[in-house]
Amino acid sequence: MKDVGYAVLGTENFETSLKESATGMVALALVPQPGANYVEISEEFYKRLEQIKKEVPKDIILNIALDNTVFVKNSISEVKETLFISIVLVVLIIYLFFRDWVIALRPLLDIPVSLIGAFFIMYIFGFTINVLTLLAIVLATGLVVDDGIVVTENIFKKLELGMPKMQAAREGSEEIFFAVMSTSITLAIVFLPIVFMQGFVGSLFKEFGIVVAGAVLISAFVSLTLTPVLNVWLGKKVHKNSWFYDKTEPFFKGLDDGYKDMLGSFMKIRWVSFLIVSVCFVLIYFVGKSLQSELAPMEDRGAFRVSLTAPEGTSYTAMQSYVDRVTQFVMDSVPEQRIALSVTSPGFIGSGAANTAFMRIRLKEKNDRVKSQDEVAQYLGKNFSKFNLGKAFVIQEQTISVGSAKFGQPVQFVIKNFNFEKLQAVIPKFMEEVSKSPVLIGSDVNLKFNKPEVEVIIDKEKATSLGVSVQDIAQTLQFSMSGRRFGYFLKDGKQYQIIGQTSYDERNKPEDLKNLFVRSNSGKLISLDNLITIEELAKPPQRYHYDRYKSATISSGLGTGKTVGDGINEMECIAKDVLDESFTTSLAGSSRDFAESSSNTMFALILALVLIYLVLAAQFESFIDPFIIMITVPLALAGALLSLWIFGQTLNIFSQIGMIMLIGLVTKMEF
């Protein structure tokens, strides 16, 4: 054996490497099963990790490169904190208006009952405690108190007139019964369209909509049953105002009088209301048009991904050198980085081509760094161009994403055509225009035409005359070049593969194929140089199809201050100038998610307006009266859009859902 080769114990694949901060490593990924509780798995993992650390040799360092459950835990912790703050604020605000601690503390009994009912709804539907359901609970905290305040205020008014508390509770509840039921049903019906939204956005917000709507309906039941009882049991036999009430009453009386005077003055010029509504419609159009749009605001998670690609045909050794240089640059120039994980030629995902690699950069905690995640990403994106061996793109993981979209660039634009030659001809022109755009940075296309290939042409007549078949030649090439498994062997009770191939120095160049020998049917060794000719070609490494069309996907990052909506608009403008009528376009990845969410939420917004009108029409038994209430919706929407514009926010899935909720709140308050 030693005369013709050698055997070593080594890795299965010598052309894939993992490094953490330029140090070789072995990676272990823990992937939960669908439906599993990520937080529980994470907690159990850390318990076992501490035990493993006690058993491994001291020269082996165990570290956590990436833990996505940290973001889940932080989000849940922040939501819990917000829930506590909201309850405290509710109590304080009620006290400031009623100026009675007994009434102010009463929501501490109402809120838990309503929220426990909301958790029971989650249990019935099989929902989990997650960020969206907890967000619904936080919003429901204010909503469930609303009905109770209305009932309590009506009872309180009768107590001030000297009515006995039992009678005040009964009559006050009866008077307000229709208003409470009407407003609660109106608010709950707003969330019905959210429940039936399609796509991944619908699956995300289905739990949110059901929990909020359920909490609102439960709060109506609580306010009409538990609230009057609490007012009787906690109220004093004889109503008496506190000293704080007497001291502050002039202020509130002044508010009432000021409102009456303002309302009386406005009624004299009520024609101005038509002008105000018209102005609001104008604001909605122009401000809404000027707002940037995206799927969700980018969250600073202290981690992002870098995708590295070198020209086709780049060797593994050259690619590893390129990755090491980029990694060293990150370690030297980014003091905020904590871990720089690099994977060269990742054979466990994708194509595993030698000219590909990726990095996961993890930053220090927010309190321990000056720059934000976006600032660090923008800095690296600008400086990676110094390394001219390949392209490096910084990819910040989207706050909301599904599937492989989280690993891709934010803008992914698909060009489609039945004619592959036309597609090949237009891509250079399209990419040239993309490179000129200030909106799009770090652009690339998946369909390339520069992969070097070696075409082996067999002289069949000569091979046959020498007693060599095509199969013999193919097997010789396969055994020499492919790293084929020949069998297994046992060592120390463990099974290992036997993988054979020629040494790297003898298979590094296309000409090395001619140095191989094949055995003829007569037993003679014949050099392949006598049987084959070699042609070097450049072809696409892969061909792509989308909706049965031949396609190419242009991926791009975004310039500073730009959003996915800006990037899609820029791509569509370029497409109008470059592509002819035979081409069609589509969106992929995060861009498709954004377009899908925008259309779904717009449909939900329109459907919410229709449903509210129908509910109001049924309650008032009139098709005219609901317009009086709904005419205030444009005023609220104009205020919401204006607020987004003033504070530099975007139109995204959260702000759009907020507007849907705003419609319900506005129509509820009009009662």
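Residues numbered from 1 in each chain as written. Predicted model: local features only at pLDDT ≥ 70, side-chain atom pairs only at ≥ 80, totals over all residues. Heavy atoms only, no water.

As a further point, take the sheet that holds strand β3 (residues 303-309). Ordered in space as β2-β1-β4-β5-β3-β6, the six strands form an open sheet in which the pairing is antiparallel. Because the sheet does not close on itself, it has two edges, and the strands there are β2 (23-24) and β6 (391-395). Here β3 pairs with strand β5 (residues 356-363) via seven bridges, running antiparallel. Across the sheet, R305 pairs through a bridge with R360, a residue of β5. In the packing of helix α11 (residues 316-333) onto the sheet, contacts are made with β1 (17-20), β3, β4 (337-344), β5 and β6, and the angle to β4 comes to roughly 175°. (Pairing = 2+ DSSP bridges. Helix = DSSP H or I, 4+ residues; strand = E, 2+ residues; numbered from the N terminus. Contact = heavy atoms within 4.5 Å. Axes fitted to C-alpha atoms, helices over the stretch in contact; angles between N-to-C directions.)

This part is about the pairing of β3. Within a regular strand, the side chains alternate between the two sheet faces. In terms of burial, β3 is a largely internal element, six of the seven residues being buried. Across five bridges, the pairing between β3 and β6 is antiparallel. From the neighbouring strand, L308 faces β6, where its bridge partner is A392. (Buried < 20%, exposed > 50% of the residue type's maximum accessible area, 1.4 Å probe, protein only.)

Here we come to the environment of Q51. With respect to the helices and strands, Q51 occurs in helix α1 (residues 38-55). Overall, Q51 belongs to the partly exposed group, its relative accessible area being 41%. As for Q51 and T563, which are separated by 512 residues in sequence, their C-alpha atoms are 45 Å apart.

Per the stated rule, a full pass over the model turns up 16 aromatic pairs. Feature note: the residues F329, Y379, F384 and F387 constitute an aromatic cluster, connected by ring pairs. One cation-aromatic arrangement involves R99 over Y245; the distance from NZ or CZ to the ring centre is 4.2 Å. Here R543 stacks its cationic end above the ring of F420, 3.9 Å away from the centre of that ring. (Phe/Tyr/Trp six-rings, centres within 6.5 Å; stacked < 30°, edge-to-face > 60°. Lys NZ or Arg CZ within 6 Å of the ring centre and 35° of its normal.)

For E336, the location among the structural elements is in the loop between α11 and β4. Among buried Asp, Glu, Lys and Arg side chains, E336 stands out as unpaired, with K371 the closest opposite charge at 5.1 Å. In contact with E336, other than residues within four places in its own chain, are L363, K364, R369, K371 and V376. (Lys, Arg positive; Asp, Glu negative; His and termini not counted. Salt bridge = Lys/Arg side-chain N within 4 Å of Asp/Glu carboxyl O.)

Where helix α5 (residues 131-160) meets helix α6 (residues 165-190), the axes come as close as 8 Å, and the angle between the chain directions of the two elements is 150°. When the axis of α5 is compared with that of α6, the two are roughly antiparallel. The chirality of how α5 crosses α6 is right-handed. Where α5 approaches α6, its residues L143, D147, V150, V151, N154, I155, K158 and L159 are matched on the opposing element by K165, A168, A169, E171, G172, S173, E175, I176, V180, T183, S184 and L187. (Parallel < 35°, antiparallel > 145°, perpendicular 65-115°, else oblique. Left-handed = near helix turned anticlockwise from the far one by under 90°.)

Further remarks concern the packing of helix α4 (residues 107-125) against α5. Across the interface, α4 lies against α5 with an axial gap of 10 Å and an inter-helix angle of 140°. When the axes of α4 and α5 are compared, the pair comes out oblique. The way α4 lies across α5 gives a crossing that is right-handed. For the pair α4 and α5, the contacting residues are P107, I111, S114, L115, A118, F119 and M122 in the first and T133, I137, A140, T141, V144 and V145 in the second. Of the residues assigned to the contact of α4 with α5, the class counts are ten nonpolar, three polar and no charged. (Nonpolar A, V, L, I, M, F, W, Y, C, P; charged D, E, K, R; others polar.)

Nothing here speaks to function; it is all geometry.
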